Amino acid sequence: MGKINSVSWQARLRFLVLTFLGFAIAMMINFPFWAVAQTPNSNASNTASNTIDQSPPPTQPQIRPSNGNELRGIWLTNVDSDVLFSTQRLERAIKRLRRLNFNTLYPTVWNRGYTLYPSKVAKDKFGVDVYPVSGLQERDMLAETIKFGHEQDFAVIPWFEYGLMTEEGSELMRQHPDWITQRKDGSHLFLHGENDQHRLAWLNPARPEVQKFLTDLIVEVVTKYDVDGIQLDDHFGMPVELGYDDYTIALYKKDHFGRLPPEDFNDPAWMKWRAKYVTNLMGKISRAVKAIKPNCLVSLSPNPKEFSYKKYLQDWYSWVYLNYIDELIVQVYRDDIDNFTTELSRPELQEIRQKIPVAVGILTGLRVQNVDMRQIKGQVRIARELTLDGFSFFFYETLGNRDASFETLFFTPAIRPDLRNIASS
């Protein structure tokens, strides 16, 4: 009997070792450009192991009863995806997502300096009312998304993806070059993409004209459409290198008895001074939305807290306590399960969950690389074990032909959590 038990034990040990080795050779994800920077260690030695399901983390105390509520969101993009460019494809996609028991749509409506819906605000400001690409002309993509989404009981929350960012060459930038902020050397472009094809610039949040434009754009959507909320993300901020344009320097000198800003863009006081303009703009937008529709959710999908502030002067932690946001979906695009778990276990997230729903953004793939379904399931499991309020997947097209696998994640429908239905502890 003792020998039989020993053989059985050795067999189980061999199985566990082989399983671990299989996990260790999983390929590293090719992150989107906004996710690469936030990854703590993107070298192979750090990310080649622990890429999919492993032992569950220690049990965390549940903040409040879940009542079966779970945010199951998905971002609908206009990049590497054609879902938004056809009425028929859009309707089919939304019906498919209902079959899979999703409950929230985040369609992009602001990208590369253009709106993806007919906008009078954009038309008045720079002469183009909708992104000039085939598939968006002669139709209102946002109105269709809301119609089809509400017919299938989705919450529809338009996503102002580019925030304060714009593409060089956009009509907005061409007509308002003075709205662009810059580095100390006078440069302003950020190059991203496999071939540096994305040439990005940032609007200056300190300028009243920029504040008015973005606020008017969001107010237009909230007023014109039957939306359930609006969403901003990690691009609603400003790279820490920026703020050395003439307008911002003059403002700083006025506040500091004629002194120039510090040479070091990481100077803590200089960072705080610039960050307050992003915070002030967030406050203006939130108040404007609530003045029109008090129950309209203001959602934010940022990077983790420390990265958001140090890299993009986005102090979202304070925004929660200023009551500027109603929902937080933290982008944690990690292929390392330990890094993923560490980010979700941070005390500020459990703390904030006492005020608003907190979910996690999970990467389901990119044009250049698939994400293994085992990794997606493992990250969903971790989010549930840590009793977060759900997740949103980036992005629709990368669900691929994996409906059966996603069905195993969502056996039954669920109501999305928000400030109207969460249960206090």
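Note that the coordinates shown come from a computational prediction; the quantities given were computed from them, not determined experimentally.

### Quick notes on the overall build of the protein chain
So, point 1. Helices and strands together make up the secondary structure of the protein chain, namely 16 helices and 15 strands.
So, point 2. Accessible surface, the protein chain as shown: approximately 18,400 Å² in total, 54% of it carbon and sulfur.

### Quick word on the side chain of Arg274
So, point 1. With respect to the secondary-structure elements, Arg274 resides in helix 10 (residues 268-292).
So, point 2. Buried charge Arg274 goes without a salt bridge, the closest partner of opposite sign being Asp267 at 7.3 Å.
So, point 3. If we ignore the near neighbours within four places in the chain, the residues touching Arg274 are Met238, Val240, Glu241, Leu242, Gly243, Phe265 and Leu313.

### Quick look at the pattern of salt bridges
So, point 1. Counted according to the given criterion, the structure contains 25 salt bridges.
So, point 2. Between Arg89 and Asp82 there is a salt bridge whose closest N-O contact spans 3.6 Å.
So, point 3. The partly exposed category is assigned to Arg89, whose relative accessible area is 30%.
So, point 4. Under the relative-accessibility criterion, Asp82 is labelled partly exposed at 35%.

### Describing the sheet that holds strand 6 (residues 165-167)
So, point 1. Strand order in the open sheet formed by three strands is 6-8-7, with antiparallel pairing between adjacent strands. The open sheet has two free edges, formed respectively by strand 6 and strand 7 (190-192), since each of these has just one partner strand. Neighbour-to-neighbour, the strand axes of this sheet turn through a mean angle of 40°, independent of strand direction.
So, point 2. As judged from the three bridges shared by strand 6 and strand 8 (residues 198-202), these two strands associate in the antiparallel manner. Residue pairing in the sheet places Thr166 in a bridge with Ala201 of strand 8.

### Observations concerning empty space enclosed by the protein
So, point 1. By the definition in use, this model includes four cavities of 30 Å³ or more.
So, point 2. Its volume calculated, the second largest cavity comes out at about 50 Å³.
So, point 3. Thr181, Asn204, Pro205, Ala206, Met238, Gly243, Asp245, Thr248, Trp273, Arg274 and Tyr277 are the residues that line the second largest cavity.
So, point 4. With three residues, helix 10 is the single largest residue contributor to the lining of the second largest cavity.
So, point 5. Grouping the amino acids of the lining of the second largest cavity by side-chain chemistry returns five nonpolar, four polar and two charged.

### Description of helix 9 (residues 246-255)
So, point 1. Those residues of helix 9 not exposed but buried are Thr248, Ile249, Leu251 and Tyr252. Looking straight down helix 9, one finds its buried side chains confined to an arc of 160°; they lie on one side. Of the exposed residues in helix 9, those oriented more than 90 degrees away from the buried face are Asp246 and Lys254.
So, point 2. For helix 9, the elements touching its buried residues are helix 10.
So, point 3. At the exit of helix 9 stands Phe257, carrying a positive phi of roughly 55°.

### A look at the sheet that holds strand 11 (residues 327-331)
So, point 1. Read across the open sheet, the eight strands follow the order 5-2-1-15-12-11-10-9; overall the sheet is parallel. The open sheet is flanked by strand 5 (155-156) and strand 9 (229-233), the only strands paired with a single partner.
So, point 2. Bridge count between strand 9 and strand 10 (residues 297-301): five bridges; the pairing is parallel. Along strand 10, the bridge assignment pairs Gly229 with Leu297.

### Here's the deal with the environment of Lys123
So, point 1. Within the element layout of this structure, Lys123 appears in helix 5 (residues 120-126).
So, point 2. When residues no more than four places from it in sequence are discounted, the contact partners of Lys123 are Val128 and Asp129.

### Looking at the pairing of strand 9
So, point 1. In terms of residue burial, strand 9 counts as a mostly covered element, since five of its five residues are buried.
So, point 2. Residues of strand 9 alternate between two faces, with Gly229, Gln231 and Asp233 on one and Ile230 and Leu232 on the opposite face, all of them buried.

### Observations regarding the packing of helix 8 (residues 208-224) against helix 10
So, point 1. Put simply, helix 8 and helix 10 touch, their axes get as near as 10 Å, and they point 25° apart. Our classification of the angle between helix 8 and helix 10 gives roughly parallel. As for how helix 8 packs across helix 10, the hand of that crossing is right-handed. Contact residues: helix 8 offers Gln211, Leu214, Thr215, Ile218, Val219, Val222 and Thr223, while helix 10 offers Leu281, Lys284, Ile285, Ala288, Val289 and Ile292.
So, point 2. By residue class, the composition of the contact of helix 8 with helix 10 is nine nonpolar, three polar and one charged.

### Regarding the confidence of the model for the protein chain
So, point 1. Confidence along the protein chain averages 87 in pLDDT terms, with 83% of residues attaining 70 or more.
So, point 2. Within the model, the stretch residues 1-32 combines pLDDT values under 50 with 37 contacts to residues more than four positions away or in other chains.
So, point 3. The low-confidence segment residues 34-62, where pLDDT is below 50, has 66 contacts with residues more than four positions distant or belonging to other chains.

### Things to note about the packing of aromatic side chains
So, point 1. A complete count under the given rule lists 27 aromatic pairs for this structure.
So, point 2. Centroid distance Phe126 to Phe213: 6.2 Å. Interplanar angle 65°. Geometry classified as edge-to-face. Highlighted residues: Phe126 in helix 5 and Phe213 in helix 8, separated in sequence by 87 residues. Note on accessibility: Phe126 and Phe213 belong to one class, buried.
So, point 3. Both rings, one in Trp179 and one in Phe213, keep their centres 5.8 Å apart while their planes meet at 45°; by these two values the pair is tilted. Pair noted here: Trp179 is in the loop between helix 7 (171-175) and strand 7 and Phe213 is in helix 8, with a separation of 34 residues, a long-range link.

### Observations concerning the nonpolar core
So, point 1. Membership of the largest hydrophobic core comes to 116 residues, with the highest contact counts inside it found for Phe236, Leu344 and Phe393.
So, point 2. Discounting residues that sit within four places of it in the chain, Phe393 has contacts with Gly73, Ile74, Trp75, Phe102, Ile362, Thr364, Ile376, Val380, Leu399, Phe406, Leu409 and Phe410.
So, point 3. Within the second largest apolar cluster, eight residues are counted, among which are Ala206, Ile249, Tyr252 and Tyr277.

The rules behind these values
- Residues numbered from 1 in each chain as written.
- Predicted model: local features only at pLDDT ≥ 70, side-chain atom pairs only at ≥ 80, totals over all residues.
- Heavy atoms only, no water.
- Helix = DSSP H or I, 4+ residues; strand = E, 2+ residues; numbered from the N terminus.
- Areas by Shrake-Rupley, 256 points an atom, 1.4 Å probe, with all protein chains shown as cover.
- Buried < 20%, exposed > 50% of the residue type's maximum accessible area, 1.4 Å probe, protein only.
- Lys, Arg positive; Asp, Glu negative; His and termini not counted.
- Salt bridge = Lys/Arg side-chain N within 4 Å of Asp/Glu carboxyl O.
- Contact = heavy atoms within 4.5 Å.
- Pairing = 2+ DSSP bridges.
- Axes fitted to C-alpha atoms, helices over the stretch in contact; angles between N-to-C directions.
- 1 Å grid on protein atoms, 1.4 Å probe; cavity = no way out; pocket = protein on both sides within 12 Å on 5 of 7 lines; lining within 4 Å.
- Points joined across faces, edges and corners; volume = space filled by probe spheres on them.
- Nonpolar A, V, L, I, M, F, W, Y, C, P; charged D, E, K, R; others polar.
- Arc of directions from axis to C-beta.
- Parallel < 35°, antiparallel > 145°, perpendicular 65-115°, else oblique.
- Left-handed = near helix turned anticlockwise from the far one by under 90°.
- pLDDT = per-residue confidence, 0-100.
- Phe/Tyr/Trp six-rings, centres within 6.5 Å; stacked < 30°, edge-to-face > 60°.
- Core = buried A, V, L, I, M, F, W, Y, C linked by side-chain atoms within 4.5 Å.

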